[in-house]
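Residues per chain, in single letters:
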Protein chains: 4
Amino acid sequence: MIVILKNGTPQEEITRLSQEISETWGVKVEKSVGKHKVVLAMIGDTPSINPLQIKGYSPWIEEVLRVQQPFKRVSREFRYGEASEVVVPTPNGNVYFGENHPIVVVAGPCSVENEQMIVETAKRVKAAGAKFIRGGAYKPRTSPYAFQGHGESALGLLAAAREATGLGIITEVMDTADLAAVGRVADVIQVGARNMHNFSLLKKVGAQDKPVLLKRGMSATIDEWLMAAEYILAGGNPNVILCERGIRTFDGKYARNTLDLSVLPVLRSLTHLPIMIDPSHGTGRSEYVTPMAKAAIAAGTDALMIEVHPNPAKALSDGPQSLTPDKFDILAQEMAVIGKVVGRWSERALVGSI
Amino acid sequence: MIVILKNGTPQEEITRLSQEISETWGVKVEKSVGKHKVVLAMIGDTPSINPLQIKGYSPWIEEVLRVQQPFKRVSREFRYGEASEVVVPTPNGNVYFGENHPIVVVAGPCSVENEQMIVETAKRVKAAGAKFIRGGAYKPRTSPYAFQGHGESALGLLAAAREATGLGIITEVMDTADLAAVGRVADVIQVGARNMHNFSLLKKVGAQDKPVLLKRGMSATIDEWLMAAEYILAGGNPNVILCERGIRTFDGKYARNTLDLSVLPVLRSLTHLPIMIDPSHGTGRSEYVTPMAKAAIAAGTDALMIEVHPNPAKALSDGPQSLTPDKFDILAQEMAVIGKVVGRWSERALVGSI
Amino acid sequence: MIVILKNGTPQEEITRLSQEISETWGVKVEKSVGKHKVVLAMIGDTPSINPLQIKGYSPWIEEVLRVQQPFKRVSREFRYGEASEVVVPTPNGNVYFGENHPIVVVAGPCSVENEQMIVETAKRVKAAGAKFIRGGAYKPRTSPYAFQGHGESALGLLAAAREATGLGIITEVMDTADLAAVGRVADVIQVGARNMHNFSLLKKVGAQDKPVLLKRGMSATIDEWLMAAEYILAGGNPNVILCERGIRTFDGKYARNTLDLSVLPVLRSLTHLPIMIDPSHGTGRSEYVTPMAKAAIAAGTDALMIEVHPNPAKALSDGPQSLTPDKFDILAQEMAVIGKVVGRWSERALVGSI
Amino acid sequence: MIVILKNGTPQEEITRLSQEISETWGVKVEKSVGKHKVVLAMIGDTPSINPLQIKGYSPWIEEVLRVQQPFKRVSREFRYGEASEVVVPTPNGNVYFGENHPIVVVAGPCSVENEQMIVETAKRVKAAGAKFIRGGAYKPRTSPYAFQGHGESALGLLAAAREATGLGIITEVMDTADLAAVGRVADVIQVGARNMHNFSLLKKVGAQDKPVLLKRGMSATIDEWLMAAEYILAGGNPNVILCERGIRTFDGKYARNTLDLSVLPVLRSLTHLPIMIDPSHGTGRSEYVTPMAKAAIAAGTDALMIEVHPNPAKALSDGPQSLTPDKFDILAQEMAVIGKVVGRWSERALVGSI
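Note that the structure is predicted; figures quoted are calculated from it, not measured.

**Some words on the domain arrangement of chain A**
All names here are of chain A.
Line of reasoning, step 1. Taken as a whole, chain A is organised into domain 1 (2-65) and domain 2 (76-342).
Line of reasoning, step 2. Computed from C-alpha coordinates alone, the two centres of domain 1 and domain 2 are separated by 36 Å.
Line of reasoning, step 3. Of the residues lining the interface, 13 residues belong to domain 1; the matching set on domain 2 comes to six residues.
Line of reasoning, step 4. Carbon and sulfur atoms make up 61% of the surface buried where domain 1 meets domain 2, a total of about 730 Å² over both sides.

**So, the environment of Pro 211 of chain C**
All names here are of chain C.
Line of reasoning, step 1. The residue Pro 211 is located in the loop between helix 6 (199-206) and strand 11 (212-215) in this model.
Line of reasoning, step 2. With relative accessibility at 8%, the residue Pro 211 sits in the buried group.
Line of reasoning, step 3. Taking the C-alpha atoms as reference, Pro 211 lies 16 Å from Gly 93; in sequence the two are 118 residues apart.
Line of reasoning, step 4. Residues contacting Pro 211, with those up to four places away along its chain left out, are Val 86, Val 88, Asp 187, Val 188, Ile 189 and Asn 239.

**Re the pairing of strand 12 (residues 240-244) of chain A**
Residues and elements named next belong to chain A.
Line of reasoning, step 1. Of all five residues in strand 12, five are buried; the element is thus mostly enclosed.
Line of reasoning, step 2. The alternating pattern of strand 12 places Val 240, Leu 242 and Glu 244 on one face and Ile 241 and Cys 243 on the opposite face, and all of these are buried.
Line of reasoning, step 3. With four bridges joining them, strand 11 (residues 212-215) and strand 12 adopt parallel strand pairing. For Lys 215, the partnering residue across the bridge sits in strand 12 and is Cys 243.
Line of reasoning, step 4. Of the crossover connections in this fold, the one passing from strand 11 over helix 7 (residues 222-234) to the parallel strand 12 is right-handed.
Line of reasoning, step 5. With three bridges joining them, strand 12 and strand 13 (residues 275-277) adopt parallel strand pairing.

**A closer look at the sheet that holds strand 1 (residues 2-5) of chain C**
Residues and elements named next belong to chain C.
Line of reasoning, step 1. Reading across the sheet, the four strands line up as 2-3-1-4 and stay open at both edges, with antiparallel pairing between neighbours. One side of each edge strand has no neighbouring strand; the edge strands of this open sheet are strand 2 (28-33) and strand 4 (61-65). Neighbour to neighbour, the strand axes of the sheet diverge by 20 degrees on average, direction disregarded.
Line of reasoning, step 2. Summarising the sheet, strand 2 and strand 3 (residues 38-43) pair through six bridges and their orientation is antiparallel. The residue of strand 3 that forms the bridge with Lys 28 is Ile 43.

**As for the sheet that holds strand 1 (residues 2-5) of chain D**
Residue and element names in this part refer to chain D.
Line of reasoning, step 1. The antiparallel open sheet is built from four strands, whose spatial order is 2-3-1-4. Two strands in the sheet have a free side with no partner beyond their single neighbour: strand 2 (28-33) and strand 4 (61-65). The sheet shows a mean angle of 20 degrees between the axes of neighbouring strands, taken without regard to direction.
Line of reasoning, step 2. Note that strand 1 and strand 4 share four bridges and pair antiparallel. Considered in strand 4, the bridge of Leu 5 is made with Ile 61.

**Side note on the interface of chain B and chain A**
Accessible area lost upon the coming together of the parts is a frequently used measure of interface size.
Line of reasoning, step 1. Contact with chain B, which involves 37 residues of that partner, is made by 37 residues of chain A.
Line of reasoning, step 2. Taken together, both faces of the contact between chain B and chain A bury some 2,800 Å²; the carbon and sulfur share is 73%.
Line of reasoning, step 3. Interface area lost by chain B to chain A is led by Phe 250, Tyr 254 and Val 341 of chain B, which between them contribute 21%.
Line of reasoning, step 4. Taken together, chain B and chain A are joined by two salt bridges.
Line of reasoning, step 5. One can count six residue pairs in polar contact (both at pLDDT 80 or more) joining chain B with chain A.
Line of reasoning, step 6. Within the residue set of the side of chain B that touches chain A, elements represented by two or more residues are helix 7 (222-234), helix 8 (263-270), helix 10 (289-298) and helix 11 (325-341) of chain B.
Line of reasoning, step 7. It is helix 10 of chain B that provides the largest number of residues to the side of chain B that touches chain A, a total of five residues.
Line of reasoning, step 8. Looking at the side of chain B that touches chain A residue by residue, the class counts come to 23 nonpolar, seven polar and seven charged.

**Quick notes on the relation of the copies chain B and chain A**
Both copies of the chain are related through a single rotation about an axis accompanied by a shift along the same axis.
Line of reasoning, step 1. Laying chain B over chain A is done by rotating through 180 degrees and shifting 0.0 Å along the axis; what remains is an RMSD of 0.1 Å. What we have between these two chains is a two-fold relation. Within chain B, the C-alpha atom positioned nearest to the axis of rotation is that of Ala 295 of chain B, 2.0 Å from it.

**Observations concerning the packing of aromatic side chains**
Residues and elements named next belong to chain A.
Line of reasoning, step 1. Per the counting criterion, the structure on display carries eight aromatic pairs over all chains.
Line of reasoning, step 2. Geometrically, the ring pair formed by Phe 97 and Phe 132 is tilted, given 5.6 Å between the ring centres and 40 degrees between the ring planes. Residue Phe 97 is located in strand 6 (residues 93-97), and its partner Phe 132 is located in strand 8 (residues 132-134); the two are separated by 35 residues in the primary sequence. This pair shows no difference in class: Phe 97 is buried, exactly as Phe 132 is.

Rules behind the numbers
Counting starts from 1 at the beginning of each chain's written sequence and moves along it residue by residue. Key to labels: chains lettered from A, ligands numbered from 1, both in the order written. Whole-chain, interface and lining totals are the exception, using all residues; otherwise, since this is a predicted model, local features are given only for residues with pLDDT of at least 70 and side-chain atom pairs are given and counted only at 80 or more. Only hydrogens and water are removed before side-chain values are computed, so all heavy atoms of the structure are retained for them. An automatic or database domain assignment provides the domain bounds reported here. The contact definition used throughout considers only heavy atoms, calling two residues in contact when any of these lie within 4.5 Å. Once two parts are joined, some of their accessible surface, as seen by a 1.4 Å probe, is lost; buried area is that loss totalled over both. Only DSSP runs of H or I covering at least 4 residues are called helices, and only runs of E covering at least 2 are called strands; the numbering of each starts at the N terminus. We call a residue buried when its accessible area falls under 20% of the maximum for its residue type, exposed when it is over 50%, and partly exposed in between, using a 1.4 Å probe and counting protein chains only. Paired strands, as defined in this entry, are two strands with at least two bridges between them according to DSSP. Every crossover in which the path from the first strand over the helix to the second runs clockwise, viewed with the strands pointing away from the viewer, is termed right-handed. For helices, the fitted line uses only the C-alpha atoms of the stretch in contact; every axis is such a line through C-alpha atoms, and the angle between N-to-C directions lies from 0 to 180 degrees. Salt bridges are defined as contacts in which a side-chain nitrogen from Lys or Arg sits within 4 Å of a carboxyl oxygen from Asp or Glu. Nitrogen and oxygen atoms within 3.5 Å of one another constitute a polar contact, given that in protein one can donate a hydrogen and the other can accept it, and given that sequence-neighbouring residues count only through two side-chain atoms. Each residue is assigned to one class: nonpolar for Ala, Val, Leu, Ile, Met, Phe, Trp, Tyr, Cys and Pro, charged for Asp, Glu, Lys and Arg, and polar for all the others, Gly among them. Here the copies were fitted onto each other by least squares, based on C-alpha atoms from residues at pLDDT of at least 70 in both. The aromatic pairing rule takes the rings of Phe, Tyr and Trp, using the six-membered ring of Trp, and pairs them if the centres are within 6.5 Å, calling planes under 30 degrees apart stacked, those over 60 edge-to-face and the rest tilted.

Structural data, given as structure tokens:
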């Protein structure tokens, strides 16, 4: 249930009202200050609360509304239609994810293979405009006999890449037992598609502070995906970015997955959270990445994740979907063309830095 | 099997060689003149032909290659990598579909309901830049009790709309028995998603002259779709446009279908045929049409099909996915922004007209 | 809307009441005599009819109910919960399809290749207990270059097989133009999976007398399938058998399709029509046919369609999913074991014959 | 790579040979004694080993074969075609899962709600022939606001149910952090569908001793499922039972999932592991459970998992798919009818008990 306040409501009245609601009904009250409105959101056993009664608490209340969706905190209604933003501090300055900010590009290899390759790749993608380096330390692999990632030692190499470039780090956690170690290094913690329904993990990333990149499960419905995000917000962490990475359909012969770009308008209407598109996993083939990245920008994405590897033919994982740094340079130029005409491209790499 | 000729091969030699191959091997020989090369394609029992033997027929032969794909005439290889174009004469002049031409916009209502609405809609979409009016006379409907289209009388109304505007007409044929009547009016004959596997119909549209718009079946693989097109080309009609209109996946709650934009790079590499995207059926909701239309342009589509209805709330079919003419005007402006930066938008509405 | 009559309603009263309803409301009235009840079903513009008004027409009326499902005539409600049966006359006598009858087995090759093979196969499958020979004259094939069936001449060969064995014939129609020719020979006309959404064909098989076997489209929902059947009943033909033949899912590596046996209890609750299972197309591999045929019987199927070919390795189509006659003999024995314990197996091959 | 030994190979020779192979090539050698053959399976870097060289090690070697499948230890080839069995000690005696044993029935509620309900249910399902009680302590739920299971305290209630009945316990683990607690109580540890791709969890259940029930992911291919099992075997735990519980397809309106019974013949040919079918989750509706359970038996399942709740209408989770104990009694009788004719039903509840 949310309380929308009239313009000009005095700060003391907001505080008093929050307290009254909280104490009377035993719920948590969260304030969100939008461009147009201040909204108080009530969290807890709200079905038993009568909106009319709340209405009577203050003449400054404009409206009291129930959130109709089963996902509460992630729903757009919960913020009275206002988008949220996820701010990530990096050595190069704060990076903002959200529909009112320039598109954020995340790039890097599938797996962190060695220091030289990750540092080198970080430098190249930074030069092309990326704000984050991605790279897997723990890798979910179909076969137990395939390369499983270098684990904790790879986290150190990611830190070295950040040191060298000032880029933020996005890397995946696969096990609640590794969360502390990953959290010490990552600027954004990724929950992968195969773990979108790993509710234990969702609860634990919800109970820590680092922003979370939540990939869509390969056959997760939009509702299930938003419910997974709701686990994280319900745990106390409001900083979630949703990432579409292709769904499983009946045809995987050419594109390995079906990149579902319609999530952009669909999610935009349902949730206030920022949205990222991953055309590399989404198609599984590097030659399809450029058109799909451009399409994602035209359709309104807030961020992109692109796999880049210095030598895709020798990559320890996902080589066929990785671009070389040279091809990533060209992609960056092509993306900029679309990004500019939709007003979402920043010449200045960093928002918030000097 | 295709024969690539050296630059400068004399016309008489091409004729002579075609004849020799044709007479010796009992195959049909089709010549295609590309930007860089002249290619002779052999059609018939080619597996029994030895390429080396053909090679010996003329010193002007550069190479003899087998088409590896199961779809022969629609494959990109069949034209040695050159795109084809489909040229459609309309009262306003020729319209060209193909990757070397500006994007063609087709718009109009799901069903032709009456003369006034179809003529009015045609005028509005023409003003916004469309080259074709679409509208169903025969409608495939899930329920036998739903409106089935006005049938043959609606064809007359479409002709009136063409008369009034000079736009070309695209309309669907559902039954081989109606093909002659549809063919008399339509400038492009549509085979709908539900009939993509109606092989009798494919054979018959392949045996007539009007260009064919072939929609992808709702669960057709890329290979099956191209094979359906192959039926039409094998029947003798080379003028086929492929149209993606959304596939069926596990989640239809928000977007009714999943619009698979990755077909753009995939088909581009597999076939020489032009590609159209239909974001209206592809998403089923008018509010998703604009972002997906823009995405399709950014990803490289050759054409777009958009549903427009003067009063969507009262439409006899598919109202929820139809734009009003006013919203279509805005869409056209937004599409133009993307279309221009990718070099595929024509200020001049008509290519080939004065 | 249906009218349920009290037990013992005199025949004249039924006739009078039918006439009154029909004349007053301009609807068609169909009588169905079930085991327990006589039901009058009203067809036409029933939403405008007030049930209470009908109730007042006769003291013999027990109840007046609206059919809630979008599919009316095929719904179980339409017959007040009573199953229907499809009776097919064959030279060997009437064969009954329905949940109150023994399971009917249909067997034969994918395509009719020549007289000897079809007659020979018919004799073998008859000996093993089949009541119908199946065999394609017109074949839907993905590739235009694949064997397309022998067409009309194959119909004659099927007639010869019937002549030789007394078995009924089930064969597919693909084009409205061929319907008359197919109808002259077939005892049951098959509409294949690829044509389940060919509404023109559905209307035309609905307007003729031969019973229709309606296969489920490869990605048709249960509702769409029942709506396709509704087209046939709405056309005037009540004799429809529904056939599940496997749906398309994300995994076709081992079983080509996913045979959805849950349609048995689902359809049983939704419709009064008889149900057939085709484990040959449903799995695409002959080694999976036996377990799935037995499962279908255990789950309550009314009929089975099994592909049998004298020499699967040399079959012109679908060899990998065909059993040899010897293996079909063994299958028949294994099916009988399950069929007997569920009370649905007939030692006497023919119901209605001497 | 596997080494098949001739009949009558002396025990010392087997030991000597195992040692020689192991020491020469640095691989682990596992012996499996089948009904007909003794097989030595080599695990490790076998691609570099030359089979001919191994052949020369002993005249008792009949054949040396490479396992062709990507899944090695779970493949049927790995045991030279012999099925494996999983033996689970319970207070009532050993229970055997495998294709050469009677079908094992597992039953119980979705969640453990309180002591009375779980003990009562255990008594009822035992009386009807079940060998295991199932019940969730940790529940994977789509919504963070739904009942999440009573956690560790519910494990104690399961132990009480075992105490009262002698049944074995199957319960799910969702987090590596809970594995020790679950392992102390469970006789078989379940990895749920949503965690089939949780590789960290697979590795950890592979590194402990309790047998594992591995449910198929809702959109997992057969290959991915077997690879997930391979993780467990590769971790050192050979006792895995595979459980099909319905896959996600395009139609979930009536049956919530599509129960894929074709996995029975498919898995039988690919793996030696025992197979269980769960028609309760597989269809999501209690009225569909009986026909699908019977079908599973006819198709050859080794085990069944059925949800039973004393009061489904008040269940804290999955009520609609739960049978009452009374209905379970009837189901057990119907299953027995099919089970007996396929020779897989045991009057004597327990194999291995007095």
